[in-house]
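Examination of the molecular architecture
Residues per chain are reported as follows:
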Amino acid sequence: MEEYAREPCPWRIVDDCGGAFTMGAIGGGIFQAIKGFRNSPVGVNHRLRGSLTAIKTRAPQLGGSFAVWGGLFSMIDCSMVRMRGKEGPWNSITSGALTGAILAARNGPVAMVGSAAMGGILLALIEGAGILLTRFASTQFPNGPQLSEDPSQLQPPPFSNYQQYQ
Amino acid sequence: MPGVLPRTLPASLGRGCLGRWLLATRGWALLGAGAVPCSCPRWRLRPPLLLRAARQSFGTQAGGLKAAKPGGDNKDVSVHRALNEETLVSAAQKVKEAGRDFTYFIVVLVGIGVTGGLFYVIFKELFSSSSPNKIYGDALEKCRSHPEIISVFGDSIKGYGEATRRGRRQHVSHIEYIKDGLKHMRLKFYIEGTESGKQGTVHVEVKENLETGRFEVRYIFVDVETYPRRTIVIEDNR
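Residues numbered from 1 in each chain as written. Chains lettered and ligands numbered in written order. Predicted model: local features only at pLDDT ≥ 70, side-chain atom pairs only at ≥ 80, totals over all residues. Heavy atoms only, no water.

As annotated in an unreviewed UniProt entry, chain A carries the name Mitochondrial import inner membrane translocase subunit TIM17 and comes from Taeniopygia guttata. In its Function (unreviewed entry) section, UniProt records this for chain A: "Essential component of the TIM23 complex, a complex that mediates the translocation of transit peptide-containing proteins across the mitochondrial inner membrane." According to the UniProt record, the Subcellular location (unreviewed entry) comment for chain A reads "Mitochondrion inner membrane". (UniProt positions renumbered as here; feature names shortened; annotations may be inferred.)

Next comes the structure, spelled out in structure tokens:
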């Protein structure tokens, strides 16, 4: 624990924002490259120029919206961790729902509820996938020695042993 | 735009804006896409909103107009219908379409299966009383209300688990094993108080109770990371 003495939380926001921007920009770049390639006149030069233009125009937009989503989600997540005092999957799901709701705020309350449901469900799926992955990865490694004895730290209190013999 | 605007336009068109006439008679939802001329000065700021609204309701508008004018536009409607009807579908095309539909169906099934599996995992983790997360929550509550813990760590105590790559610390490390035919589970998580530098490791063991089907706590104790290592026992039911 000593080497990671820094608290993850406020710095995690910047991490998540940047990560989301990168994902959106790269994914958007690939998608727009193909789209621009296909929607250009015949001829490789035209097509390449068309796909480059499409990437330059659209990929930063998609990266920007992803970054907004990621940054807002991480901010709400860190705030919830600070308020509740414990970290767990409920924080992520609620943060996802709140992010969806806030980002749809311009479209009225009904759209906010729908967007919140979508955000919450998406985060629940991501959390479920994360849990599955950690369980799967932990079963890969062979278990340590089965500790069927109680740990030694429990020896000191004498009263419990007396209670057992009554 | 054919088939979108009505065929006959009133004489008032010559006097006013097309946009204003359409708004007055049919309401804003029935503006054709891009039909509002921007020469009307009062609508200069409105067109984007109205265009967006018009595009949203464009799908219903065509059907609405067809239904609203049965008498006059019968010929136009029937021409559209004849053009839309499919030509003869040969058997080979039917087989190809069936094969494509079948592949799509399989893809949808796989997607539903994966999504359902993920939902099941997350529900079991969050709502089942035998999930590590629930046990961690209960143990943390017991830690928070224990006077010795409060005296060592301070008032507000936060708990967290193992750190993953991204820095999120949601995963609580746990081991399940079977002893004497009953399921036992051991958990380990960390707590930290308001006073900086005071960290503690909480060890919890629970045992399954066959009658109620729930997990009962066997022991909870906290290792405080001070120089003379201190162990605070919160509960011991062995």
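1. Considering the overall build of chain A
In terms of helices and strands, chain A carries 5 helices and 0 strands. Helices and strands in chain A line up, N terminus first, as α-α-α-α-α. Per-residue burial for chain A yields a buried fraction of 32% across its 166 residues. Long-range contacts, defined as pairs at least 24 residues apart, comprise 52% of the intrachain contacts of chain A with a sequence gap of at least 6. (Helix = DSSP H or I, 4+ residues; strand = E, 2+ residues; numbered from the N terminus. Buried < 20%, exposed > 50% of the residue type's maximum accessible area, 1.4 Å probe, protein only. Contact = heavy atoms within 4.5 Å.)

2. A few points about the packing of helix H1 (residues 9-38) of chain A against helix H2 (residues 44-84) of chain A
Residues and elements named next belong to chain A. One can describe the packing of H1 onto H2 by two numbers: an axis separation of 5 Å at closest approach and a directional angle of 155°. With respect to H2, the element H1 is oriented roughly antiparallel. The two elements H1 and H2 cross, and the hand of that crossing is right-handed. Taken together, the residues that form the contact of H1 with H2 break down as 18 nonpolar, 12 polar and 7 charged. (Axes fitted to C-alpha atoms, helices over the stretch in contact; angles between N-to-C directions. Parallel < 35°, antiparallel > 145°, perpendicular 65-115°, else oblique. Left-handed = near helix turned anticlockwise from the far one by under 90°. Nonpolar A, V, L, I, M, F, W, Y, C, P; charged D, E, K, R; others polar.)

3. So, the confidence of the model for chain B
Residues and elements named next belong to chain B. The pLDDT averaged across chain B works out to 72; a share of 60% of its residues lies at or above 70. Averaged over each element, pLDDT in chain B is lowest for helix H3 (residues 58-68) (47) and highest for helix H5 (residues 91-127) (92). Ignoring residues within four places in sequence, the model shows residues 61-68, a span with pLDDT below 50, making 7 contacts including any to other chains. Under the prediction, the complex receives an ipTM of 0.72, its pTM being 0.67. (pLDDT = per-residue confidence, 0-100.)

4. Topic: the packing of aromatic side chains
This model, assessed by the stated rule, comprises 7 aromatic pairs over all chains. Between Trp-90 of chain A and Phe-127 of chain B the ring centres are 5.5 Å apart and the planes differ by 75°, which places this aromatic pair in the edge-to-face class. Remark: Phe-127 of chain B occurs in helix H5 and Trp-90 of chain A occurs in helix H3 (residues 89-103); the pair is interchain, linking two chains. Using a relative accessible area of 36% as the deciding quantity, one classes Trp-90 of chain A as partly exposed. Three or more aromatic residues joined by ring pairs make a cluster, and in this case those are Trp-90 of chain A together with Phe-119, Phe-123 and Phe-127 of chain B. Across the ring face of Tyr-136 of chain B, the terminal group of Lys-86 of chain A is positioned such that the distance to the ring centre comes to 5.4 Å. (Phe/Tyr/Trp six-rings, centres within 6.5 Å; stacked < 30°, edge-to-face > 60°. Lys NZ or Arg CZ within 6 Å of the ring centre and 35° of its normal.)

5. Section: the nonpolar core
In this structure, Ile-149, Phe-153, Phe-189, Ile-191, Val-202, Val-204 and Val-222 of chain B are the most contacted members of the largest nonpolar core, which totals 23 residues. For this core, the elements supplying multiple residues, two or more each, are helix H6 (132-144), helix H7 (147-153), strand E3 (182-192), strand E4 (199-208), strand E5 (215-224) and strand E6 (230-236) of chain B. At 5 residues, the largest contribution of residues to this core is made by H6 of chain B. Counting residues in each nonpolar core, the second largest holds 6 residues, with Ile-93 and Ala-124 of chain A together with Val-121 and Ile-122 of chain B among its members. (Core = buried A, V, L, I, M, F, W, Y, C linked by side-chain atoms within 4.5 Å.)

6. Examining unusual backbone geometry
Most of the time, phi is negative for any residue but glycine, and the peptide bond is trans. Residue and element names in this part refer to chain B. Although it is not a glycine, Asp-180 adopts a positive phi angle of roughly 55°. Checked against the element boundaries, Asp-180 lands in the loop between strand E2 (173-179) and E3. The class for Asp-180 is exposed, based on a relative accessible area of 73%.

7. A few points about helix H4 (residues 109-140) of chain A
Over its 32 residues, H4 of chain A extends 46 Å from the first C-alpha to the last, a length consistent with the 46 Å expected when each residue adds 1.5 Å. Along H4 of chain A, the residues classified as buried are Ser-115, Ala-116, Gly-119, Gly-120, Leu-123, Ala-124, Leu-125, Glu-127, Gly-128 and Ile-131 of chain A. (Expected span 1.5 Å × (residues − 1).)

8. Some remarks on the environment of Arg-49 of chain A
With respect to the helices, strands and loops of the structure, Arg-49 of chain A is situated in helix H2. Counting along the chain gives 13 residues from Arg-49 of chain A to Gly-36 of chain A, while the straight-line C-alpha distance between them is 8.4 Å.

9. A look at the UniProt feature "transmembrane region" (unreviewed entry) in chain A
UniProt tags residues 111-133 of chain A as "transmembrane region" (unreviewed entry). Structurally, residues 111-133 of chain A is divided into 100% helix and 0% strand, and its ends, taken at the C-alpha atoms, are 33 Å apart.

10. Here we look at H3 of chain A
With 15 residues, H3 of chain A should cover 21 Å at 1.5 Å per step; its first-to-last C-alpha distance of 21 Å lies within 8% of that length. Of all the positions in H3 of chain A, only Pro-89, Asn-91, Ser-92, Ile-93, Ser-95, Gly-96, Thr-99, Gly-100 and Ala-101 of chain A are classed as buried. Elements in contact with the buried residues of H3 of chain A: H2 and H4 of chain A together with H5 and H6 of chain B.

11. A word on the packing of H2 of chain A against H3 of chain A
Residue and element names in this part refer to chain A. Contact geometry for H2 and H3: axes closest at 8 Å, N-to-C directions at 130°. Of the possible angle classes, the one that applies to H2 and H3 is oblique. Between H2 and H3 lies a crossing whose hand is right-handed. Of the residues in H3, those in contact with Val-68, Trp-69, Leu-72, Phe-73, Ile-76, Asp-77, Met-80, Val-81 and Arg-84 of H2 are Trp-90, Asn-91, Ser-92, Thr-94, Ser-95, Gly-96, Leu-98, Thr-99, Ile-102 and Leu-103. Taken together, the residues of the contact of H2 with H3 break down into 11 nonpolar, 6 polar and 2 charged.

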